[in-house]
Amino acid sequence: MEKEILEQYNKVKDILSEEEFLAEMDEVRPDFEDLPFMDEVDVAKEVVKNHIGADDISKTEDSLEENNDDSTFEEVVMTDELLEKYDQIKEFISEDEFLNEMNKLKKENLNVSFMNEETFADQIIGRYVEKENEVLTDREEYSSDNIGLLEDGDKDKSFIGVVKTISNPRSFKTRKGNSGKVCNVDVEDKTGKIRVVLWTENIKHLKNISEGDIVHVAGVDIKDGYSGLEATMRPRSVFEKAVDANPEDYPIYEEEITPIKDVEADTKVNIIARITRIPPIRSYNKNGKEGKVASLELQDASGTISYTLWNNNVDLIESLDLNDGDTVKILQAQVRERNDEKSLTHWDGRIIKGDFEVPDFEHEISKIGDLDDGDSDIEIIGVVTKIQDVRKFIRKSDKSEGQLRNFNITDDTGSIRVTLWGDSADLDINKGDIVKLIGGNVVYDEYTQEGHSINTNFSTQVSVNPKNLSEEDLSIFDSIREKLQPMPIEQVVLGDEENVDVDVMGRIMSVGDVRTFERPSDGSQGKVRSASFSDGTEVVQLSLWDDKSQIELEVGSAYLLENARVRFSMDSISLNIGSSSRVIKLSEDDAKFLPSFETLEKMIYEYREISDLDEYDENVYVIGRIFEVFEARELERDDGSKYLLRNIEIADNSQAIRVSLWGDNAKREFDEGEAIKIQNPRVDLYNDQLTLNIAGSTAIVKPSDEELMNLPSFDELKEAIYVPKEIEAIEDNDVNVRVTGTLKEVNPDRLLLRKCPHCGNNIGNLDVDSESICDFCGETFDEPRTTIMIPATLEDETGEITLTFFDNLVEDLLEMPKEEIVNIVSDEPGALDGRIEDLEGLTVEIIANVSYDEYNEDRKLNPRKILQKYY
């Protein structure tokens with residue numbers, strides 16, 4: 001244990017053993033990695049503080065920010081010192097403008113402790129006065145001091161010393177979102193040592209500075225820091241080589257390189273080694289604080305050791321472009337020992353990537369075909385030929401959430417599945433990538449074709465598209481990649497192999513509703529959604545299961561489907577999209593080789609005018625404008641489950657037709673006059689009228705501008721569809737005729753029509769109590785299904801015709817809500833007879849369909865809408 005750390009331990013030795021003290025240091029250390037000034041002694045002090053409290057210490061950058069908000073902001077006041085600075089630029093800006101700029105800079109930098117009012121003034125001066133050629137060291141206040149004479153609170157100090165350590169620049173972000181960098185340099189002369197803190201704008205001075213150089217530091221402020229005195233640089237401070245300094249006047253810099261096998265616990269060492277492994281970065285959560293860690297594996301001629309980077313230091317892997325095989329010099333690495341195993345921790349030292357003398361090391365790459373159960377710490381390289389999405393799971397032990405991801409690697413000898421866990425599952429890996437895997441164990445796996453797979457761990461290195469591959473390897477991998485292109489859907493449909501996984505690319509032509517079902521095996525509930533998919537060569541039906549059924553597929557958009565499972569049915573082939581499949585939405589640039597949605601539509605479907613439709617038509621589409629929207633109704637299936645139905649009516653140049661929307665489609669909002677295109681509806685005959693049913697393979701989309709040009713306006717359609725006719729001119733199966741006539745023979749006797757909710761049979765005047773029984777189906781029910789109706793005859797100058805008003809039209813005639821009508825008549829039959837009889841002689845203009853009454857061998861009107869009524 002170093003002397004300074006031992007001094008801290010002695011304060012708590014009655015509370016903690018030496019081993020416990022070091023263990024707590026390991027726990028505390030990651031919490032302070034993002035504090036630029038802290039070293040190992042400071043970590044020890046933090047452990048002491050946790051047990052016996054601590055003296056006040058200087059606040060860090062982040063903690064200062066908490067107390068520096070606008071509520072505590074004090075405006076700048078012109079002092080003699082500031083006035084002296086202002087005088088340098090008074091010919092350029094007024095005093096008020098100068099103070100305004102000062103206040104602006106002060107507000108922007110409230111959270112930056114090393115900046116003060118003089119710093120802000122210098123920045124403003126720099127905008128107007130060119131001072132790059134000013135030699136600050138010629139000024140009296142920049143004369144050099146001995147480091148040992150510097151004191152807390154000194155301003156504009158200068159000193160010369162030898163550089164002992166330089167840290168790698170470290171990025172930081174304050175809680176207010178400001179970004180920057182900081183670097184610590186330890187400088188020493190024969191009277192003492194000091195840490196120089198260089199911020200973002202100062203770090204450029206280190207470009208040509210190395211450990212052992214004698215430097216001149218000027219224009220800095222001195223203060224007490226976490227580990228002694230610190231010199232904080234201003235934007236215009238000096239940090240340069242002292243070219244005229246005599247090395248004999250300064251301490252000797254010795255850079256002793258320690259072989260890995262000789263490192264000793266609780267010391268700081270310099271080593272030169274080769275990186276043999278860089279495992280993925282791992283995240284952790286401690287006391288609600290998120291952190292990250294990575295442990296590199298190093299090797300020199302004497303042995304191997306792990307080297308741990310914490311939090312912001314992890315970014316050095318990317319910023320220094322560290323890769324396995326690189327040689328590095330690591331200065332001032334902290335040596336730790338736990339369970340008799342030594343390791344290195346990066347704290348305040350430096351990593352230098354270079355070409356150092358270290359024995360070459362090559363991983364022995366295994367061929368995938370040669371792997372066998374029980375092989376450990378294996379190394380392979382190959383092409384990703386299959387990959388699944390990240391899967392979440394709940395651990396049984398502590399109910400915490402975990403994640404994994406499976407993918408297959410293939411080389412010229414075989415293929416094997418690899419499982420990544422935790423943060424490694426988030427690596428950006430795609431099919432066709434080349435992946436090098438260092439570390440992992442081959443385990444028995446009955447669910448794979450090979451009978452085994454590779455399980456990774458936290459020390460496994462996964463390199464995606466590594467550099468410096470041989471021409472031979474690249475040639476092998478390119479030949480594997482060529483076979484990864486998506487398959488034409490026509491080739492899938494014409495194939496004769498079931499239960500194989502294929503990749504296809506195409507556009508969604510239609511999307512069905514999500515349906516729930518019960519699995520017979522365990523009674524659990526599953527979900528499935530159907531869709532149709534085409535690339536222009538063929539159309540195939542998709543079945544998206546469970547979580548995949550929740551993906552919001554957009555009709556007309558292009559997708560890449562990976563690992564879709566081919567399934568045969570009696571007369572067709574479909575693709576199952578399950579947990580191992582991937583659904584990847586493509587940009588139009590990625591989908592440029594696919595036909596457009598409009599082109600696919602014309603290739604697959606045939607356009608029909610509504611008047612040309614026939615029952616059982618398939619693969620057709622119609623374009624119409626909505627001219628009536630009905631309320632959605634909740635209905636009940638035989639099994640008691642509920643579903644929604646909404647009817648709308650559309651029309652084109654030729655005719656109108658009713659459209660029945662089910663499930664989620666019934667929830668869609670439609671507006672009268674809106675133009676829609678219905679693709680691949682089911683055409684049924686209902687009550688002698690054709691109806692379009694929107695099923696799972698049907699899509700409702702917006703027509704193109706060209707298609708809209710051929711569609712009449714809403715007003716034109718109303719005139720064309722609501723054709724006025726006299727009763728004499730009415731024909732069988734007329735639709736949406738507009739008829740005006742006078743009501744007569746209005747019959748109040750059948751106002752309430754009660755039916756069994758199970759079979760729909762008329763229950764007549766059966767007394768309905770809390771549990772009635774249907775004479776027809778024998779089922780019990782609490783409430784019948786009630787319809788209100790008024791039969792009558794409509795007469796004009798040319799003739800007469802029977803008609804019956806139902807529900808909402810009865811409400812319109814009686815000007816009463818249905819519920820009120822039912823309650824009145826149920827309590828007192830005949831109570832509304834007089835009101836109904838008063839309808840005799842009422843003239844009405846209605847929209848109606850015409851049907852043929854076979855019993856009476858006559859036509860009959862089925863009113864749909866009342867346009868006008870008057871006496």
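The coordinates are above.
Computed from a predicted structure; not experimentally measured.

Draft legend 1. Here's a closer look at the overall build of the protein chain. Secondary structure assignment for the protein chain yields 16 helices and 45 strands. Relative to the globule expectation of 29 Å for 871 residues, the C-alpha radius of gyration of the protein chain, 41 Å, shows a markedly less compact shape. The dimensions of the protein chain, computed from C-alpha atoms along their principal axes, are 125 × 80 × 60 Å. Within the span of the protein chain, comprising 871 residues, buried residues form 46% of the whole.

Draft legend 2. Region of the structure containing helix 11 (residues 597-604). All of the buried residues along helix 11 are Phe597, Leu600, Glu601 and Ile604. For helix 11, the arc enclosing every buried residue in end-on projection is 100°, short of the 170-degree limit, so these residues lie on one face.

Draft legend 3. Structural detail: a negative patch on the surface. On the surface, a cluster of negative charge is contributed by Asp80, Glu81, Glu84, Asp87, Glu95, Asp96 and Glu97. Mapped onto the negative patch, the elements with two or more residues apiece are helix 5 (80-86) and helix 6 (95-108). Within the element layout of this structure, glutamate 95 appears in helix 6.

Draft legend 4. Looking closely at the pairing of strand 3 (residues 179-189). Note that strand 1 (residues 157-166) and strand 3 share four bridges and pair antiparallel. Its bridge partner lying in strand 3, isoleucine 166 is registered against valine 185. In this sheet, strand 3 lies alongside strand 2 (residues 170-173) in antiparallel orientation, the contact comprising four bridges. Paired with phenylalanine 172 across the strands is glycine 180, a residue of strand 3. Judged from the eight bridges that link them, strand 3 and strand 4 (residues 192-199) form a sheet pairing that is antiparallel. Paired with valine 187 across the bridge in strand 4 is isoleucine 194. In sequence, strand 3 turns back onto strand 4 through a hairpin of two residues.

Draft legend 5. Highlighting the nonpolar core. Within the largest apolar cluster, 33 residues are counted, with the highest numbers of intra-cluster contacts made by Leu743, Leu751, Leu794, Phe805, Ile846 and Leu861. Looking at this core, the elements that each hand over two or more residues are strand 38 (737-744), strand 42 (785-796), strand 43 (799-806), helix 14 (808-814), helix 15 (818-827), strand 44 (843-853) and strand 45 (858-870). Not counting residues within four places of it along the chain, the set of residues in contact with phenylalanine 805 comprises Leu743, Ile788, Met789, Ile790, Val810, Leu813, Ile846, Pro863 and Ile866. In terms of nonpolar packing, the next biggest core, distinct from the first, is built from 23 residues, Val263, Val314, Ile330 and Leu344 among them.

Draft legend 6. Quick peek at the pattern of salt bridges. For the structure shown, the criterion picks out 47 salt bridges. Note that arginine 519 and aspartate 546 form a salt bridge whose closest N and O atoms lie 2.6 Å from each other. Separated by 27 residues along the polypeptide, arginine 519 in the loop between strand 22 (501-518) and strand 23 (525-534) and aspartate 546 in the loop between strand 24 (539-545) and strand 25 (558-568) bring together distant segments of the chain. Overall, the relative accessible area of 22% leaves arginine 519 in the partly exposed class. When the shortest N-O distance is used, the salt bridge between glutamate 606 and arginine 608 registers 3.4 Å.

Draft legend 7. Region of the structure containing the packing of aromatic side chains. Applying the stated rule across the entire model yields seven aromatic pairs. Relative to tryptophan 310, the ring of tyrosine 284 lies with its centre 5.9 Å away and its plane at 85°, an arrangement referred to as edge-to-face. Here tyrosine 284, found in strand 8 (residues 282-286), pairs with tryptophan 310, found in strand 10 (residues 304-310); they are 26 residues apart in sequence, far enough to count as distant. A single burial state applies to tyrosine 284 and to tryptophan 310, both of which are buried. The ring of phenylalanine 630 has arginine 658 sitting right over it, with the charged end atom 4.7 Å from the ring centre. Here the basic side chain of lysine 677 rests over the ring of tyrosine 621, its NZ or CZ set 5.6 Å away from the ring centre.

Draft legend 8. Summary view of the layout of surface pockets. When its volume is computed, the second largest pocket comes out at roughly 1,300 Å³. For the second largest pocket, the lining is made up of 42 residues, of which Asp324, Lys436, Gln461, Ser463 and Pro466 are closest to its centre. Elements with a minimum of two residues in the lining of the second largest pocket: strand 7 (268-277), helix 8 (316-319), strand 21 (461-464) and helix 9 (471-481). Sort the elements by how many residues they give to the lining of the second largest pocket and strand 21 lands first, with four residues. Per-class residue counts for the lining of the second largest pocket are 18 nonpolar, ten polar and 14 charged.

Draft legend 9. Representation of the pairing of strand 29 (residues 620-629) in the model. Of all ten residues that make up strand 29, nine are buried, and the element is covered over most of its length. Here strand 29 runs beside strand 33 (residues 675-679); their pairing, made up of five bridges, is antiparallel. Bridging from a neighbouring strand, tyrosine 621 pairs with glutamine 679 of strand 33. Relative to strand 31 (residues 642-651), strand 29 runs antiparallel, the two sharing four bridges. Bridging from a neighbouring strand, arginine 625 pairs with alanine 651 of strand 31.

Draft legend 10. Examining unusual backbone geometry more closely. Positive phi values are uncommon outside glycine, yet asparagine 468 reaches one of about 60°. Tracing the backbone through its elements, the reader meets asparagine 468 in the loop between strand 21 and helix 9. Of note in this structure, asparagine 499 is not a glycine but carries a positive phi near 60°. When its relative accessible area of 39% is taken as the criterion, asparagine 499 is described as partly exposed.

Draft legend 11. A look at the side chain of serine 543. Position of serine 543 relative to the elements: it lies in strand 24. Beyond its immediate sequence surroundings of up to four residues, serine 543 is in contact with Val528, Arg529, Leu575, Asn576 and Ile577.

Draft legend 12. Spatial organisation of the environment of valine 464. By the element assignment, valine 464 lies in strand 21. The class for valine 464 is partly exposed, based on a relative accessible area of 28%. Sequence-wise, valine 464 and arginine 481 are 17 residues apart; in three dimensions their C-alpha atoms are separated by 15 Å. Among residues more than four places away in sequence, those in contact with valine 464 are Asp428, Ile429, Asp433 and Ile434.

Rules and cut-offs
Sequence order sets the numbering: in each chain, residues are counted from 1 along the sequence as written. The predicted nature of this model means local features are confined to residues of pLDDT at least 70 and side-chain atom pairs, given and counted, to a pLDDT of 80 or more, with totals for whole chains, interfaces and linings taken over all residues. Side-chain metrics in this entry use all non-hydrogen atoms of the structure; hydrogen atoms and water are not considered. Secondary structure is summarised from DSSP: a helix means a run of H or I of at least four residues, a strand means a run of E of at least two, and numbering begins at the N terminus for each. The globule rule is 2.2 Å times the number of residues to the power 0.38, and the radius of gyration it is compared with is taken over C-alpha atoms. Accessibility here uses a 1.4 Å probe with only protein chains present; expressed as a share of the type maximum, an area under 20% marks a residue as buried, one over 50% as exposed, and anything in between as partly exposed. Directions pointing from the helix axis toward each C-beta atom define the arc. To count toward a patch, a residue needs a relative accessible area over 30% and no salt bridge; like charges are then connected within 9 Å, while nonpolar side chains (Val, Leu, Ile, Met, Phe, Trp, Tyr) are connected within 5 Å. In this description, accessible areas are obtained by the Shrake-Rupley approach with a 1.4 Å probe, and a residue is regarded as covered only by the protein chains that are shown. We define a salt bridge as a contact between a side-chain nitrogen of Lys or Arg and a carboxyl oxygen of Asp or Glu at a distance within 4 Å. Only four residue types enter the charge count: Lys and Arg as positive, Asp and Glu as negative, with His and the chain ends excluded. The location of each charge is read from NZ of Lys, CZ of Arg, CG of Asp or CD of Glu. Should DSSP find at least two bridges between two strands, the strands are taken to pair. Throughout, nonpolar core names a set of buried Ala, Val, Leu, Ile, Met, Phe, Trp, Tyr and Cys residues whose side chains join them through atoms within 4.5 Å. Contacts were defined at the residue level, with two residues in contact if any of their heavy atoms lie within 4.5 Å. The pairing test for Phe, Tyr and Trp rings, Trp by its six-membered ring, is centres within 6.5 Å, and the orientation test on the planes gives stacked under 30 degrees, edge-to-face over 60, and tilted for anything in between. A ring has a charge above it when a Lys NZ or an Arg CZ is no more than 6 Å from the ring centre and no more than 35 degrees off the ring normal. Definitions used for this entry: grid spacing 1 Å over protein atoms alone; cavity, a set of points where a 1.4 Å probe fits but cannot get out; pocket, an open set with protein on both sides within 12 Å along at least 5 of 7 lines; lining residue, one with an atom within 4 Å of a point. Grid points are joined across faces, edges and corners, and a volume is the space filled by probe spheres set on the points. Under the grouping applied here, Gly and all other residues not named as nonpolar or charged are polar, the nonpolar ones being Ala, Val, Leu, Ile, Met, Phe, Trp, Tyr, Cys and Pro and the charged ones Asp, Glu, Lys and Arg.

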